[in-house]
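Structural description and commentary
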Amino acid sequence: RRFLSAIGFLAGLLGSMGIATAQPAPCDRACMGQVLNQFIEAVIAKDPGRAPLAIGFRQTQNSVLTPAGSGVWQTITAVGPVRQLYFDPISGNAAFFGVMTDRGEPAVVSLRLRIVNRQIAESEWHIAHRGDPGITGLGSDVLFDAEKLIASPPPERVVAQAQRLPRETLVAIVNSYFDGLVAGNGRA
């Protein structure tokens, strides 16, 4: 009993000194931008060793589990003229949306990274080429047309603090998309 008390006291003392437990290094927007850019550069260079991949790194490409070094690591060669970056330091997610050259042709690409302790734990790629099947199984020149996206990219803006919706409302809006998919009618 004394031994357990001594261990507890020692752990508490070391913890208060910052020795017993290592806290994850915070990654703010600037850090997330650096990690995201480093990852994209590593993919284009076809070299997973150039990216800060965490042990147990997990990657999917169009919903298929894909090991680092395969899939996009072999086919993406450049970032195109549309490149928008999004960061959420609270959840540890960084995202790219835009155009990349994939298999020699422009493709609409979204990429989400999960960053933990300044390392990439997950990457999730959605890559679409003109004529790829959409959610209905039919080709879609509206959703997957890189030329149209280049001609008319989404606006870049920062919403004023007073006009921002609460985080919980934004999460509900995003989740309603999936509710619509499940309902099969586009409405939540």
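The structure we're discussing is the one just above.
Remember, it's a predicted structure, so these values are computed and weren't measured experimentally.

A word on a nonpolar patch on the surface
The grouping of Val174, Tyr177, Phe178 and Leu181 at the surface amounts to a nonpolar patch, some 400 Å² of accessible area in total. In this fold, phenylalanine 178 is placed in helix α5 (residues 167–183).

Overview of the pattern of salt bridges
A full pass over the atoms with the stated rule returns five salt bridges. Salt-bridge contacts for arginine 130 lead to glutamate 147; the nearest nitrogen and oxygen are separated by 2.6 Å. With arginine 130 in the loop between β6 (119–128) and α4 (146–151) and glutamate 147 in helix α4, this pair connects stretches of sequence that are 17 residues apart. Taking the relative accessible area as the measure of exposure, glutamate 147 reaches 40% and is therefore partly exposed.

Observations concerning the sheet that holds β6
Taken in spatial order, the six strands line up as β2-β1-β6-β5-β4-β3 in an open sheet, and their pairing is mixed. Both edges of this open sheet fall to β2 (64–65) and β3 (76–88), since each of them pairs with a single strand only. In this sheet, β6 lies alongside strand β5 (residues 105–116) in antiparallel orientation, the contact comprising nine bridges. Note on β6: the bridge partner recorded for arginine 114 is glutamate 122. Contacting β1 (53–61), β3, β4 (93–102), β5 and β6, helix α2 (residues 29–44) runs over the sheet at an angle of about 160 degrees to β3.

Description of the pairing of β4
With respect to burial, β4 is a largely interior element, seven of its 10 residues being buried. Count of turn residues in the β3/β4 antiparallel hairpin: four residues, of which glycine 92 carries a positive phi of about 80 degrees. Of the strand pairs in this sheet, β4 and β5 are connected by 10 bridges, and their pairing is antiparallel. Paired with phenylalanine 97 across the two strands is serine 110, which belongs to β5. Taking the residues that link successive antiparallel strands as the turn, the β4-β5 hairpin has two residues, and the phi of arginine 103 there is positive, at about 55 degrees.

Digging into the environment of methionine 100
Along the chain, methionine 100 falls in strand β4. For methionine 100, a relative accessible area of 1% corresponds to the buried category. Contact partners of methionine 100, with chain neighbours within four places excluded, come to Ile40, Ile76, Ala78, Val79, Gly80, Glu105, Pro106, Ala107, Val109 and Trp125.

Observations concerning the pairing of β1
Of the pairings in the sheet, the one linking β1 to β6 comprises five bridges and is parallel in character. Each residue of the ladder has a partner; that of glutamine 59, found in β6, is serine 123. The pairing of β1 with β2 spans two bridges and is classified as antiparallel. Bridge pairing in β2 places glutamine 61 opposite valine 64. Linking two consecutive strands that pair antiparallel, namely β1 and β2, is a turn of two residues; a positive phi of about 50 degrees is found at asparagine 62 within it.

What to know about the packing of aromatic side chains
If you walk through the whole model with that rule in mind, you get four aromatic pairs. Both rings, one in phenylalanine 39 and one in tryptophan 73, keep their centres 5.5 Å apart while their planes meet at 85 degrees; by these two values the pair is edge-to-face. Separated by 34 residues along the polypeptide, phenylalanine 39 in helix α2 and tryptophan 73 in helix α3 (residues 72–75) bring together distant segments of the chain. Owing to a relative accessible area of 0%, phenylalanine 39 belongs among the buried residues under this scheme. By relative accessible area, which is 1% here, tryptophan 73 ends up buried. Here a set of aromatic residues connected by ring pairs shows up, and it is made of Phe39, Phe57, Trp73 and Trp125.

Cut-offs and rules
- Residues numbered from 1 in each chain as written.
- Predicted model: local features only at pLDDT ≥ 70, side-chain atom pairs only at ≥ 80, totals over all residues.
- Heavy atoms only, no water.
- Patch = residues over 30% accessible without salt bridge, like charges linked within 9 Å, V, L, I, M, F, W, Y side chains within 5 Å.
- Areas by Shrake-Rupley, 256 points an atom, 1.4 Å probe, with all protein chains shown as cover.
- Salt bridge = Lys/Arg side-chain N within 4 Å of Asp/Glu carboxyl O.
- Helix = DSSP H or I, 4+ residues; strand = E, 2+ residues; numbered from the N terminus.
- Buried < 20%, exposed > 50% of the residue type's maximum accessible area, 1.4 Å probe, protein only.
- Pairing = 2+ DSSP bridges.
- Contact = heavy atoms within 4.5 Å.
- Axes fitted to C-alpha atoms, helices over the stretch in contact; angles between N-to-C directions.
- Phe/Tyr/Trp six-rings, centres within 6.5 Å; stacked < 30°, edge-to-face > 60°.

Function-wise, these values are silent; they only describe arrangement.
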